Amino acid sequence: MTRSPVWHPFTQHALEPAMRRIVRTEGAYLLDEQGHAILDAISSWWVITHGHRHPLIMDAIRRASGLYDQIIFAEYTHEPAEELARGLVAIAPAGLDHVFYSDSGSTCVEVALKMALGFFHNSGAPRSRIVVMEHGYHGDTIGTMSAGERGVFNAAYEPMLYGVDRLPFPVPGHEQDTLDAFERFCRSGQVAALLIEPLILGAGGMRMYPAWLLTELKAIATRHGSLMIADEVMTGWGRTGTLFACEQANLAPDILCTSKGLTGGSLPLAATLCSAGIFDAHLSSDRSRTFFHSSSYTANPIACAAGLANLAVWKTEPVGTRIHSLEAMHRTRLERFRTDRRFANVRQTGTIVALDVNVPAAGYLSEAGPKLRSFFRARNLLIRPLGNVIYLMTPYCVTAEDLDRAYDAIDEAANLFAGDQ
């Protein structure tokens, strides 16, 4: 067979088996060219919320493509972008009054970082420090890699990365250490913003922390005049049990980043929402105070139409009920592992569950990862562990029977390492 010219993401082509070719998607499943139905237990990298090819969203895409393709978003606007922005402002935490469109999770976080630095620069009191939490992940562009955890993901690109201040992850019983570290950083008067994944650090190992800590971090930021950027790229659109994770901390960030589930996962689109104060700091007759950011496909009308349809799904279908039902189904099925010594740190936030397989060598490069993926692949389950961390983040349409398949496979998979424990 001729080798494909495609270079796949996060793939070591020298070690991976041939890629399975998907010919159709439906609900919680991917169908390959051999006719296998593969349960998409990670929502195709966390993007699919309601299920693949939701009819309302697909219809909206078809209708929009009959009217639009791409339209330059400087000098011009269009109805899908205007309506979607109004809809996002209406459902977002209070005080997020402006919407800047981009193309992906990485880019909307880059936008947020530039907004924060621009706010202080244009206010005449520049601040240069960004504070993040250790083990965080915010994307693979240079700015977001700089803000993410340093390690194998970005070691080769270290010369291009800028420095940030890092908070210790709030290990249970030591949450005060995180708060004290943030207080110390803020006392310098140079902290422009805290950039944080609310409630769950995703690619950093599905690490979960309580909502009250997020509330306290926001209080410290406010007290010192620093901004909070909530990276809700993964946690938004119901994943943590509420529309946005910030709601559980009863707070409104100064800037909120959303992507992935914004279109139900159907098309790439991202939005960075910010307060009126941040927008106004860039509003001036002085053109040098312009917010200098764009991409060629900003506010693509077809993608915006998909986003509008996603909002309609949330309004017209019992999405909240589905989420609460899914939470309960996970909670029941996780119980079998809580006292199982093959696993550690069995955890759940909303519709996201994770558990660590006990192996001698843990971490992202653990040999457990490829072994587990191969095991699940053979059983037509799309589950991609983060090293020895197995997690599930399914579409909301998943059935109890689907989950039983996944949990039974996880139970069986742990036996691969029984001799190592």
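Residues numbered from 1 in each chain as written. Predicted model: local features only at pLDDT ≥ 70, side-chain atom pairs only at ≥ 80, totals over all residues. Heavy atoms only, no water.

As recorded in an unreviewed UniProt entry, the protein goes by the name Adenosylmethionine-8-amino-7-oxononanoate aminotransferase, listed as coming from Phyllobacterium sophorae. Of the comments in the UniProt record for the protein, the one headed Cofactor (unreviewed entry) reads "pyridoxal 5'-phosphate". (UniProt positions renumbered as here; feature names shortened; annotations may be inferred.)

J.: Now, about the packing of helix H2 (residues 55-65) against helix H9 (residues 301-316): what can you tell me, with residues and values included?
T.: In contact at an axis separation of 8 Å, H2 and H9 are set at 150° when each is read in the N-to-C sense. As the angle between them shows, H2 and H9 are arranged roughly antiparallel. Crossing handedness for the pair H2 and H9: right-handed. Residues Leu56, Ile57, Ala60, Ile61, Ala64 and Ser65 of H2 form the contact with H9, whose participating residues are Pro301, Ile302, Ala305, Ala306, Ala309, Asn310, Ala312, Val313 and Thr316. Residues belonging to the contact of H2 with H9 are distributed by class as follows: 12 nonpolar, three polar and no charged. (Axes fitted to C-alpha atoms, helices over the stretch in contact; angles between N-to-C directions. Helix = DSSP H or I, 4+ residues; strand = E, 2+ residues; numbered from the N terminus. Parallel < 35°, antiparallel > 145°, perpendicular 65-115°, else oblique. Left-handed = near helix turned anticlockwise from the far one by under 90°. Contact = heavy atoms within 4.5 Å. Nonpolar A, V, L, I, M, F, W, Y, C, P; charged D, E, K, R; others polar.)

J.: Can you tell me about the UniProt feature "binding site: substrate" (unreviewed entry) in the protein, naming the residues and giving the values?
T.: The UniProt entry lists Trp45, Tyr137, Lys260, Ser294 and Arg384 under the feature "binding site: substrate" (unreviewed entry), expressed in the numbering used here. Taking the farthest pair of C-alpha atoms as the criterion, the annotated set spanning 340 residues is dispersed, since that pair is 32.8 Å apart. When near neighbours in sequence (up to four residues on either side) are disregarded, Tyr137 contacts Glu197, Ala203 and Asp231. A distance of 2.8 Å separates a polar atom in the side chain of Tyr137 from a polar atom in the side chain of Asp140. If you trace the backbone, Ser294 turns up in the loop between helix H8 (276-281) and H9. (Polar contact = N/O pair within 3.5 Å; in protein donor to acceptor, adjacent residues only side chain to side chain.)

J.: Report on the pairing of strand S3 (residues 37-40), specifying residues and quantitative values.
T.: Judged from the three bridges that link them, strand S2 (residues 29-32) and S3 form a sheet pairing that is antiparallel. If you follow Tyr29 over to S3, its bridge partner there is Leu39. In this structure, the hairpin formed by S2 and S3 is closed by a connection of four residues, where Gly35 is found at a positive phi of approximately 90°. Of the strand pairs in this sheet, S3 and strand S15 (residues 381-382) are connected by two bridges, and their pairing is parallel. Across the sheet, residue Asp40 finds its bridge partner in S15, namely Leu382. (Pairing = 2+ DSSP bridges.)

J.: Before we move on, could you go through a nonpolar patch on the surface and cite the residues and values that matter?
T.: Together, Phe10, Trp45, Val152, Tyr364 and Leu365 give the surface a local cluster of nonpolar side chains, amounting to about 490 Å² of exposed area. For Tyr364, the location among the structural elements is in the loop between strand S14 (352-357) and helix H11 (368-378). (Patch = residues over 30% accessible without salt bridge, like charges linked within 9 Å, V, L, I, M, F, W, Y side chains within 5 Å. Areas by Shrake-Rupley, 256 points an atom, 1.4 Å probe, with all protein chains shown as cover. Salt bridge = Lys/Arg side-chain N within 4 Å of Asp/Glu carboxyl O.)

J.: Please set out the packing of aromatic side chains residue by residue, giving values where relevant.
T.: Counting across every chain of the model gives 14 aromatic pairs. Residues Phe119 and Phe120 carry aromatic rings whose centres are separated by 5.0 Å and whose planes lie at 80° to one another, so their mutual orientation is edge-to-face. Owing to a relative accessible area of 6%, Phe120 belongs among the buried residues under this scheme. Summarising the aromatic geometry, the rings of Phe337 and Tyr407 are spaced 6.2 Å apart at their centres and angled 20° between planes, so their arrangement reads as stacked. Residue Phe337 is located in the loop between helix H10 (319-334) and strand S13 (343-349), and its partner Tyr407 is located in helix H12 (residues 400-413); the two are separated by 70 residues in the primary sequence. Like Tyr407, Phe337 is buried. One aromatic cluster in this structure is built from Phe10, Trp45, Tyr137, Phe153 and Tyr364. Note that Arg379 overlies the ring of Phe375, its terminal NZ or CZ placed 3.6 Å from the centroid. (Phe/Tyr/Trp six-rings, centres within 6.5 Å; stacked < 30°, edge-to-face > 60°. Buried < 20%, exposed > 50% of the residue type's maximum accessible area, 1.4 Å probe, protein only. Lys NZ or Arg CZ within 6 Å of the ring centre and 35° of its normal.)

J.: Would you mind going over the domain arrangement of the protein in detail, with residue names and values included?
T.: Here the domain parsing of the protein yields domain 1 (55-316) and domain 2 (322-417). Here the C-alpha centre of domain 2 lies 28 Å away from the C-alpha centre of domain 1. In this complex, domain 1 contributes 16 residues to the contact, which on the side of domain 2 involves 18 residues. Between domain 1 and domain 2, a total of about 1400 Å² is buried, with carbon and sulfur atoms accounting for 71% of that surface. Interface area lost by domain 1 to domain 2 is led by Met206, Met208 and Arg239, which between them contribute 46%. At the boundary of domain 1 and domain 2, one finds zero salt bridges. Where domain 1 touches domain 2, the interface holds six residue pairs in polar contact (both at pLDDT 80 or more). Per-class residue counts for the side of domain 1 that touches domain 2 are 10 nonpolar, five polar and one charged. (Domains from an automatic or database assignment. Buried area = accessible area lost by both parts, 1.4 Å probe.)

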